[in-house]
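Chain and residue survey
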Amino acid sequence: MAPGCSPDRTPLSTPEQTDGLLGPAAIRDLAQQLELRPTKTLGQNFLHDANTIRRIVRTAGLRPDDVVLEVGPGLGSLTLGLLPAAAAVTAVEIDPRLAARLPRTVAERRPDLAGRLTVVEADALRVTELPGDPPTALVANLPYNVAVPVLLHLLELLPSLRRALVLVQAEVAERLAAPPGGSAYGVPSVKAAWYGEVRRAGNVGRRVFWPEPNVDSGLVALDRRPPPPGDRAATFAVVDAAFATRRKGLRAALARWAGSAAAAEARLRAAGIDPATRGEQLSVTDFARLAATDPVAP
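Residues numbered from 1 in each chain as written. Predicted model: local features only at pLDDT ≥ 70, side-chain atom pairs only at ≥ 80, totals over all residues. Heavy atoms only, no water.

Some details on the UniProt feature "binding site: S-adenosyl-L-methionine" (unreviewed entry) in the protein chain
- As annotated in UniProt, the feature "binding site: S-adenosyl-L-methionine" (unreviewed entry) corresponds to N45, L47, G72, E93, D123 and N141 in the numbering used here.
- Summarising the element assignment, G72 is placed in the loop between strand 2 (67-71) and helix 3 (77-82).
- Contact partners of G72, with chain neighbours within four places excluded, come to V92, E93 and N141.
- Take E93: it is sitting in strand 3 (residues 88-93).
- Filtering out sequence-adjacent residues up to four positions away, E93 remains in contact with G72, P73, G74, L98, A99, V120, E121 and A122.
- Polar contacts involving the side chain of E93 include one to the main-chain amide nitrogen of D95, which spans 2.9 Å. (UniProt positions renumbered as here; feature names shortened; annotations may be inferred. Helix = DSSP H or I, 4+ residues; strand = E, 2+ residues; numbered from the N terminus. Contact = heavy atoms within 4.5 Å. Polar contact = N/O pair within 3.5 Å; in protein donor to acceptor, adjacent residues only side chain to side chain.)

Side note on the sheet that holds strand 9 (residues 217-224)
- Taken in spatial order, the seven strands line up as 4-3-2-5-6-9-7 in an open sheet, and their pairing is mixed. What marks the edges here is a single partner per strand, and that holds for strand 4 (117-121) and strand 7 (196-204). The mean angle between the axes of side-by-side strands here comes to 20 degrees, regardless of whether they run parallel or antiparallel.
- In this sheet, strand 9 lies alongside strand 6 (residues 163-169) in antiparallel orientation, the contact comprising seven bridges. Among the inter-strand pairings, R163 is bridged to a residue of strand 9, identified as D223.
- Set on the sheet, helix 4 (residues 96-109) makes contact with strand 3 and strand 4; between it and strand 4 the angle comes to about 170 degrees. (Pairing = 2+ DSSP bridges. Axes fitted to C-alpha atoms, helices over the stretch in contact; angles between N-to-C directions.)

Considering the environment of A85
- By the element assignment, A85 lies in the loop between helix 3 and strand 3.
- A C-alpha to C-alpha distance of 30 Å links A85 and A178, two positions 93 residues apart in sequence.
- Not counting residues within four places of it along the chain, the set of residues in contact with A85 comprises V57, L62, R63 and P64.

A word on unusual backbone geometry
- Residue P211 is reached from W210 by a cis peptide bond, and omega for that bond is -10 degrees.
- Tracing the sequence through the fold places P211 in the loop between strand 8 (209-210) and strand 9.
- Even without being a glycine, E35 presents a positive backbone phi close to 50 degrees.
- As for its position among the elements, E35 is in the loop between helix 1 (24-33) and strand 1 (46-47).

Examining the packing of aromatic side chains
- Across all of its chains, the model carries five aromatic pairs by this definition.
- Each member of the aromatic cluster is reached from another via a ring pair, and the members are Y185, F243 and F287. (Phe/Tyr/Trp six-rings, centres within 6.5 Å; stacked < 30°, edge-to-face > 60°.)

Considering the side chain of R163
- Structurally, R163 can be placed in strand 6.
- The contact partners of R163, leaving out residues within four places of it in the chain, are A60, G61, L62, R63, D66, T136, A137, L138, L222 and D223.

Quick look at helix 2 (residues 50-60)
- A50, T52, I53, R55, I56, V57 and A60 are the residues of helix 2 that are buried.
- Looking at the packing, one finds that the buried side of helix 2 touches strand 1, helix 3, strand 5 (137-141), strand 6, strand 7 and strand 9.
- Two residues or fewer past helix 2, G61 is found with a positive phi of approximately 60 degrees. (Buried < 20%, exposed > 50% of the residue type's maximum accessible area, 1.4 Å probe, protein only.)

Focus on the packing of helix 8 (residues 232-244) against helix 12 (residues 284-291)
- One way to put it is that helix 8 packs onto helix 12 with a least axis distance of 8 Å and a crossing angle of 110 degrees. As judged from the angle between their axes, helix 8 and helix 12 are roughly perpendicular. Across from A234, T235, V238, V239, A242 and F243 in helix 8, the residues of helix 12 making contact are V284, F287, A288, L290 and A291.
- Here the residues of the contact of helix 8 with helix 12 are counted per class, giving 10 nonpolar, one polar and no charged. (Parallel < 35°, antiparallel > 145°, perpendicular 65-115°, else oblique. Nonpolar A, V, L, I, M, F, W, Y, C, P; charged D, E, K, R; others polar.)

Dropping the structure here:
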């Protein structure tokens, strides 16, 4: 790979961008001002490549009336890219220093768009409500260590979200978007599919982040659709049980969930599922149908 190029061979951003985006020098300068040392605990790896930012915004397919929810805006790299493309951006940031600095950064670099930004200092996993209009799109560079729980929490909390585009660790991206039948298919795949159609939307290399992580990243897109018939909590309980011992057939894997192996077999047959099938063969609709079967005496 040529020096100074991102993984898709586009030039890395310069310190000053004509559209206000943050380049590597600006990122480091902001971090120095804040005496910020990025931590693995908070999953702080900041995007600094303007071309990657533009690609993410373009891939998100935002409309002028969209209200975007961004989780973990950090120093504001992606935020500055999102603001021109949407009616408003609500940014949820757990680090108080970053939450306090973000409005100032936007006011300095894009004063014409500063009124579109709302910053919420909070842990995204504990958010129960948001100010302003309900968000219609989630676009975020999610911290690796909590990416799946955050995504599922927000999709459940905010039915107004019509679509999502999240940047996550490549392995997590593969799991989220995996179809039934493959080795990557598991709990994240099924639970994400409850909320919508999930697909891989591109790869992102390591060199566009500061500090540079030791893994590659991937974009995952989700388009909301109605969930399958059934109860979400009951379905998720079956999913958790099915993949807790994924090498076993469902008759054995679901014995504790159903009360006994015989009861599990009865409920599987009632749902039209072969008891010898493994969890990775079932779609989210299959799991919902299984969860809806009547309990059987052990």
